[in-house]
Amino acid sequence: MKSKVCNTCHISKPLSEFNRDNHASDGHRSRCSKCRNKSRRETEKKKYTYKVFRGMVYCVECEGFYKIGVTSYGIRKRLQSIQTGNPFEVKIVWVKRTNNVGKYERMLHQQLKDNHVRGEWYAIPKVLAKELKNIVRHDEES
Ligand SMILES: [Zn+2]
């Protein structure tokens, strides 16, 4: 069986442990899939850590669909950019300031995952959309 040494963990593993890559000379990636998944998880974690900043969590409505998102700059500007990519009118349901944008964005998206439509858009009743505002808090510094 052909094997290959992973350039990250330096362990010799069978080729089947490496994902295919048509651009590579031997047709396989230089990092084993275990190392690859690990670094992907770390990137994901960093992304969230990075998102711990003061900003706003918002909920906008468009044709009965709701988008939950975050912004570090003004909501008007954010709304404008959402509106640009949308033929229907986008309305603000609520905007709430917080010092931990990433935490609440994650919490809300997690809570709504069964109603997910596409991107940050969700199909939820208006009552629920309004109630979501109560989840977002301005945490005291710890
Ligand atoms: Zn490896």
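Model, not experiment: these values are computed from the prediction.

### Structural notes on the overall build of the protein chain
For step 1, the next point in the chain: Looking only at helices and strands, one finds 4 helices and 7 strands in the protein chain.
For step 2, the next point in the chain: N-terminal to C-terminal, the α/β element order of the protein chain is β-β-α-β-β-α-β-α-β-β-α.
For step 3, the next point in the chain: For 142 residues, the compact-globule formula gives about 14 Å, and the C-alpha radius of gyration of the protein chain, at 21 Å, lies well above that figure.
For step 4, the next point in the chain: Dimensions of the protein chain, computed from the C-alpha atoms along their principal axes, are close to 60 × 40 × 25 Å.
For step 5, the next point in the chain: When the 142 residues of the protein chain are sorted by exposure, 16% land in the buried category.
For step 6, the next point in the chain: Looking at the protein chain alone, contacts between residues at least 24 apart form 55% of all its contacts between residues at least 6 apart.

### Focus: the nonpolar core
For step 1, the next point in the chain: Within the largest apolar cluster, 16 residues are counted, with the highest numbers of intra-cluster contacts made by V57, C59, Y66 and I68.
For step 2, the next point in the chain: With sequence-adjacent residues up to four places away left out, I68 is seen in contact with C59, L108, H109, L112, E120 and Y122.

### Points about the sheet that holds strand β7 (residues 121-122)
For step 1, the next point in the chain: Read across the open sheet, the 5 strands follow the order β5-β3-β4-β7-β6; overall the sheet is antiparallel. Edge strands, defined here as strands with exactly one partner in the open sheet, are β5 (91-98) and β6 (116-118).
For step 2, the next point in the chain: The pairing of β6 with β7 spans 2 bridges and is classified as antiparallel. Each residue of the ladder has a partner; that of H116, found in β7, is Y122.

### Considering the environment of V70
For step 1, the next point in the chain: With respect to the helices and strands, V70 occurs in strand β4 (residues 65-71).
For step 2, the next point in the chain: Expressed as a C-alpha distance, the spacing of V70 and R41, which sit 29 residues apart in the sequence, is 22 Å.

### Remarks on the domain arrangement of the protein chain
For step 1, the next point in the chain: Here the domain parsing of the protein chain yields domain 1 (3-50) and domain 2 (55-135).
For step 2, the next point in the chain: Between the C-alpha centres of domain 1 and domain 2 there is a distance of 35 Å.

### A word on unusual backbone geometry
Trans is the prevailing form of peptide bonds, just as negative phi is the prevailing case for residues other than glycine.
For step 1, the next point in the chain: Phi at H10 takes a positive value of approximately 55°, unusual for a residue other than glycine.
For step 2, the next point in the chain: Mapping H10 onto the fold places it in the loop between β1 (3-5) and β2 (12-14).
For step 3, the next point in the chain: In this model, E63 sits at a positive phi of 50°, which is unusual for a non-glycine residue.
For step 4, the next point in the chain: Secondary-structure assignment places E63 in the loop between β3 (55-62) and β4.
For step 5, the next point in the chain: Owing to 9 C-beta atoms within 10 Å, E63 belongs among the exposed residues under this scheme.

### Let's talk about helix α3 (residues 101-111)
For step 1, the next point in the chain: All of the buried residues in α3 are V101, Y104, E105 and L108. Buried residues along α3 cover an arc of 105° about the axis, so they all sit on one side.
For step 2, the next point in the chain: Each element contacted by the buried residues of α3 is listed here: β3, β4 and β5.

Definitions and limits used
Residues numbered from 1 in each chain as written. Predicted model: local features only at pLDDT ≥ 70, side-chain atom pairs only at ≥ 80, totals over all residues. Helix = DSSP H or I, 4+ residues; strand = E, 2+ residues; numbered from the N terminus. Rg over C-alpha atoms; globule rule 2.2 N^0.38 Å. Buried ≥ 20, exposed ≤ 12 C-beta atoms within 10 Å, placed from the backbone. Contact = placed C-beta atoms within 7 Å. Core = buried A, V, L, I, M, F, W, Y, C linked by C-beta atoms within 7 Å. Pairing = 2+ DSSP bridges. Domains from an automatic or database assignment. Arc of directions from axis to C-beta.

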